[in-house]
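Listed below are the residues making up each chain.
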Amino acid sequence: MKDSPQVTIEVRNIVKQFGAFRALDNVDLKVANGELLALLGPSGSGKTTLLRIIAGLDWPDAGEVSFDGENALARGAGERHVGFVFQHYALFRHMTVFENVAFGLRVQPRAVRKDEAAIRARVKELLDLVQLDWLAGRYPSQLSGGQRQRIALARALAIEPRILLLDEPFGALDAKVRKELRQWLRSLHEEINVTSIFVTHDQEEALEVANRVVVMDKGRIEQIGTPGDVYDNPATAFVHSFIGESIILPVDVSEGHVKLGSRVLNVDANGASGPSKLFVRRHDMHVGPVGEGAFDGTVRRVRSFGPIQRADIALNGDGDTLVEIDAPRDRNLTAGDIVSLQPRRYRIFAGRD
Amino acid sequence: MTLVTIETSTSAAAVQPFPSRVAPLARRDARTEPRLVRGIIITLALTFLTVFVVLPLALVFLEAFSKGVGFYLKALADPEALAAIWLTLVTAAISVSLNLVFGVAAAWAIAKFEFRGKTLLITLIDLPFSVSPVISGLVFVLLFGAQGFFGPWLMAHGIHVLFALPAIVLATAFVTFPFVARELIPLMQEQGSQEEEAAISLGASGWRTFLLVTLPNVKWGLLYGVLLCNARAMGEFGAVSVVSGHIRGETNTMPLLVEILYNEYQLVGAFAIASLLAFLALVTLIVKTILEGHLDEGQPASDD
Ligand SMILES: Nc1ncnc2c1ncn2[C@@H]1O[C@H](COP(=O)(O)OP(=O)(O)O)[C@@H](O)[C@H]1O
Ligand SMILES: [Mg+2]
């Protein structure tokens with residue numbers, strides 16, 4: 001298993017229409033061999049559709065998909081050797097766990113099919129890999145969600161896939177099980193090293209598990225980068241608001257001046273102009289003495305937990321705008337304080353919608 | 001039930017007064033009708049069932065055996081009776097097989113694929129249920145009769161359809177078509193096509209996917225549909241009566257023979273055959289109950 005062939009996936013200009021609705025709009029993506037890539041985006045952004053096209057379960061209206069430079073669209077789903085783990089597992093309900101995992105081996109063409117003893121050995125090996133060999137005789141309905149998920153993975157791995165696709169593998173599980181399985185998936189990938197794409201709408205999951213993250217919205221790729229990249233240098237307003245929590249202020253930029261309402265802020269325009277949005281991470285907002293920052297505000301409420309305290313601050317002269325910032329614990333804040341705020345790091349993106 | 005409630009209310013009363021108050025309310029809600037009303041309703045239902053279902057069934061058997069077992073067996077061994085039984089079995093076997101194949105195909109197409117004209121197909125499947133069986137029979141007369149659409153051509157080639165086995169099978173198959181499809185469509189729709197997609201992506205061919213995944217998943221529903229289809233196929237009267245021609249010893253099915261014998265005052269013969277049909281109905285009911293148990297038990301597996 002250690003030396004499974006590693007494949008590069010290339011997706012070029014994929015367009016997929018459902019009637020008048022464009023589910024994928026010119027998607028371009030390259031996945032390096034042995035990589036574990038996360039596809040991150042809100043529900044309905046086209047993640048599943050992209051995965052299904054790569055697996056051959058759906059066909060694009062335009063564009064190309066290739067595995068190691070070879071056209072994958074010329075092959076049916078069964079000939080692509082792609083392991084697919086479905087969002088709702090899709091285990092065969094009338095078969096035992098053992099037969100589920102054995103399925104891919106049993107349906108192989110006679111010429112390459114293993115004999116019964118070899119199939120049994122292989123299934124045993126896979127069930128050991130997902131640590132569920134003691135469930136071999138059960139039916140899917142007798143398993144917990146997390147167990148079903150791991151059996152679905154074992155079943156997909158049985159055919160020694162060249163590529164592994166996981167559609168929201170932990171989507172239906174509770175928070176604790178999710179966290180455990182995350183670690184487990186990460187180490188499993190290190191062990192088997194198959195080029196893998198996994199879909200999630202949970203940013204924490206994507207950032208924690210993947211080597212690279214692809215952020216999607218409305219059928220388009222917004223940004224591709226390492227988890228650090230997409231968090232620290234979001235390419236678009238969408239990425240900034242989708243990944244990590246941000247303070248978002250509506251601003252107007254003219255002649256290089258950034259204005260919030262009628263106040264000119266002490267920040268750079270970053271090349272934006274016209275109605276724009278200013279994005280600041282909560283912990284990137286520095287709280288200082290009045291008059292020293294980009295804007296002044298009144299502390300309304302303070303909550304402390306762990307090493308930080310979170311404060312609601314109403315911006316002065318613009319009483320409606322309330323921002324939530326994180327400050328170190330030793331920066332003593334109390335309700336009623338008048339302070340100044342200075343973004344240490346921020347981004348301005350043109351447009352307001 | 002009551003025991004549990006009492007226990008909760010005593011042990012948790014100090015902490016949470018709620019359960020002790022909710023339980024009696026819920027109990028009263030569940031049985032709003034007074035005893036008397038319940039008694040009347042149940043008696044009415046039982047009386048109705050006895051008069052309209054149990055009594056007639058019992059009478060069929062009583063009448064059949066009224067002149068003794070010997071007479072009963074002799075009536076069944078009559079060549080005309082044997083021919084009718086044989087014709088009914090053959091007709092049912094062929095038309096149920098046809099409907100098994102067509103029903104599965106139609107349900108599969110409807111449940112697993114999107115295509116134009118799907119709603120029309122669903123409506124058409126129900127057609128035999130909404131049309132009087134006599135009309136269904138007449139349609140085949142119009143198609144295959146001497147003045148019918150294919151009639152002259154068939155006659156020229158010496159092929160007998162009307163007043164022969166082919167027409168009887170066609171009419172029966174037409175009337176019983178919806179049973180299998182109707183049973184399978186909701187089942188397959190509810191199951192979706194993810195398991196099939198999983199099988200395909202694991203390298204199974206379309207045919208093996210159907211055999212190994214689709215079919216086993218609906219097997220109880222399929223048996224259920226086949227059972228009802230068979231019961232109706234053996235009991236069909238109207239449509240078959242129109243196309244059969246009532247040739248004695250040749251094109252009479254069991255229901256047709258029952259009517260003929262009855263009209264000729266051969267009561268024992270008529271009721272002997274009828275008792276076989278009634279027996280079929282009883283067996284069908286029993287098997288149906290067993291299958292329903294399996295169908296229910298199959299449900300929870302679909303949840304994720
Ligand atoms: N078979 C289909 N027919 C019509 N619309 C579809 C179909 N599959 C997906 N869509 C639409 O395409 C969009 C993207 O869907 P999907 O790829 O499932 O999103 P995601 O997995 O990111 O939640 C959604 O708006 C969805 O409604
Ligand atoms: Mg999805």
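Given the structure is predicted, the values throughout are model-derived calculations rather than measurements.

(A) The arrangement of the overall build of chain B in detail. Summing up its helical and strand segments, chain B has 16 helices and zero strands in all. Among the 304 residues that make up chain B, the fraction classed as buried is 36%. Taking all contacts inside chain B whose residues are at least 6 apart in sequence as the whole, residues at least 24 apart take part in 72%. Summed over all atoms, the accessible surface of chain B reaches about 17,500 Å², with 71% contributed by carbon and sulfur.

(B) Geometry of empty space enclosed by the protein. Residues and elements named next belong to chain A. A complete count under the given rule lists four cavities of 30 Å³ or more for this structure. If you trace the largest cavity, you find it lined by V85, Q149, R150, L153, L166, P169, F170, W184 and L185. Elements with a minimum of two residues in the lining of the largest cavity: α4 (145-158) and α5 (175-192). The element that contributes the greatest number of residues to the lining of the largest cavity is α4, accounting for three residues. Partitioning the lining of the largest cavity into residue classes produces seven nonpolar, one polar and one charged.

(C) Summary view of unusual backbone geometry. One non-glycine residue, N13 of chain A, lies in positive phi territory at about 45°. Following the sequence through the fold, N13 of chain A ends up in strand β1 (residues 9-18). Even without being glycine, H246 of chain B reaches a positive phi, approximately 50°. Residue position: H246 of chain B is located in the loop between α14 (238-244) and α15 (254-263).

(D) Summary view of the site of ligand 1. Residue and element names in this part refer to chain A. Around ligand 1, a shell composed of F18, F21, A23, P42, S43, G44, S45, G46, K47, T48 and T49 is seen. Within the contact set of ligand 1, an oxygen atom lies 2.6 Å away from a backbone nitrogen or oxygen of G44. Here an oxygen atom of ligand 1 sits 3.0 Å away from a polar atom, N or O, in the main chain of G46. Here ligand 1, which alone exposes 560 Å², has 57% of that area covered by the protein. Ranked by residues supplied to the shell around ligand 1, first place goes to helix α1 (residues 47-55) with three residues. Looking at the shell around ligand 1 residue by residue, the classes come out as four nonpolar, six polar and one charged.

(E) Structural view of the sheet that holds strand β10 (residues 220-225) of chain A. Residue and element names in this part refer to chain A. Sheet architecture is open: six strands sit in the order β6-β7-β8-β3-β9-β10, paired in mixed fashion. The sheet terminates laterally at β6 (82-85) and β10, the two strands that pair on one side only. Neighbour to neighbour, the strand axes of the sheet diverge by 15° on average, direction disregarded. Taken together, the five bridges between strand β7 (residues 163-167) and strand β8 (residues 195-200) define a ladder with parallel strand orientation. Pairing of L166 across the sheet is with F198, part of β8. Sheet strands touched by α1: β3 (36-40), β6, β7, β8 and β9 (212-217). Its angle to β7, the strand with the most contacts, is close to 155°.

(F) View of α4 of chain A. In this model α4 of chain A runs 20 Å from its N-terminal to its C-terminal C-alpha over 14 residues, within 8% of the 20 Å that 1.5 Å per residue would give. α4 of chain A sits mainly inside the fold: 13 of its 14 residues count as buried.

(G) Highlighting the packing of aromatic side chains. Residue and element names in this part refer to chain B. Applying the stated rule across the entire model yields 14 aromatic pairs over all chains. Look at W108 and F113: their rings are 5.4 Å apart centre to centre, the planes differ by 85°, and that puts the pair in the edge-to-face class. By relative accessible area, which is 29% here, W108 ends up partly exposed. What makes F113 partly exposed here is its relative accessible area of 41%.

(H) The confidence of the model for chain B, seen in detail. Residues and elements named next belong to chain B. Looking at chain B as a whole, the pLDDT averages 85, with 87% of positions reaching at least 70. Here residues 1-26 is a poorly scored stretch, pLDDT under 50, and it has six contacts once near neighbours within four places are set aside; other chains count. This model gives residues 300-304 a pLDDT under 50, and the stretch forms eight contacts once residues within four places in sequence are excluded. Our summary of model confidence lists the complex with pTM equal to 0.81 and ipTM equal to 0.86.

(I) Here's a closer look at the nonpolar core. All names here are of chain A. If you look at the biggest cluster of nonpolar residues, it comprises 49 residues, and the most contacted ones within it are V101, V123, I151, L153, L157, V213 and V215. The element contributing the most residues to this core is α4, with seven residues. For I151, the residues in contact, after removing those within four places along its chain, are L91, V97, V101, L127, L132 and L143. Among the nonpolar cores identified, the runner-up in size contains 41 residues, and I14, L29, A55 and V65 belong to it.

Cut-offs applied
- Residues numbered from 1 in each chain as written.
- Chains lettered and ligands numbered in written order.
- Predicted model: local features only at pLDDT ≥ 70, side-chain atom pairs only at ≥ 80, totals over all residues.
- Heavy atoms only, no water.
- Helix = DSSP H or I, 4+ residues; strand = E, 2+ residues; numbered from the N terminus.
- Buried < 20%, exposed > 50% of the residue type's maximum accessible area, 1.4 Å probe, protein only.
- Contact = heavy atoms within 4.5 Å.
- Areas by Shrake-Rupley, 256 points an atom, 1.4 Å probe, with all protein chains shown as cover.
- 1 Å grid on protein atoms, 1.4 Å probe; cavity = no way out; pocket = protein on both sides within 12 Å on 5 of 7 lines; lining within 4 Å.
- Points joined across faces, edges and corners; volume = space filled by probe spheres on them.
- Nonpolar A, V, L, I, M, F, W, Y, C, P; charged D, E, K, R; others polar.
- Near = heavy atom within 4 Å.
- Polar contact = N/O pair within 3.5 Å; in protein donor to acceptor, adjacent residues only side chain to side chain.
- Pairing = 2+ DSSP bridges.
- Axes fitted to C-alpha atoms, helices over the stretch in contact; angles between N-to-C directions.
- Expected span 1.5 Å × (residues − 1).
- Phe/Tyr/Trp six-rings, centres within 6.5 Å; stacked < 30°, edge-to-face > 60°.
- pLDDT = per-residue confidence, 0-100.
- Core = buried A, V, L, I, M, F, W, Y, C linked by side-chain atoms within 4.5 Å.

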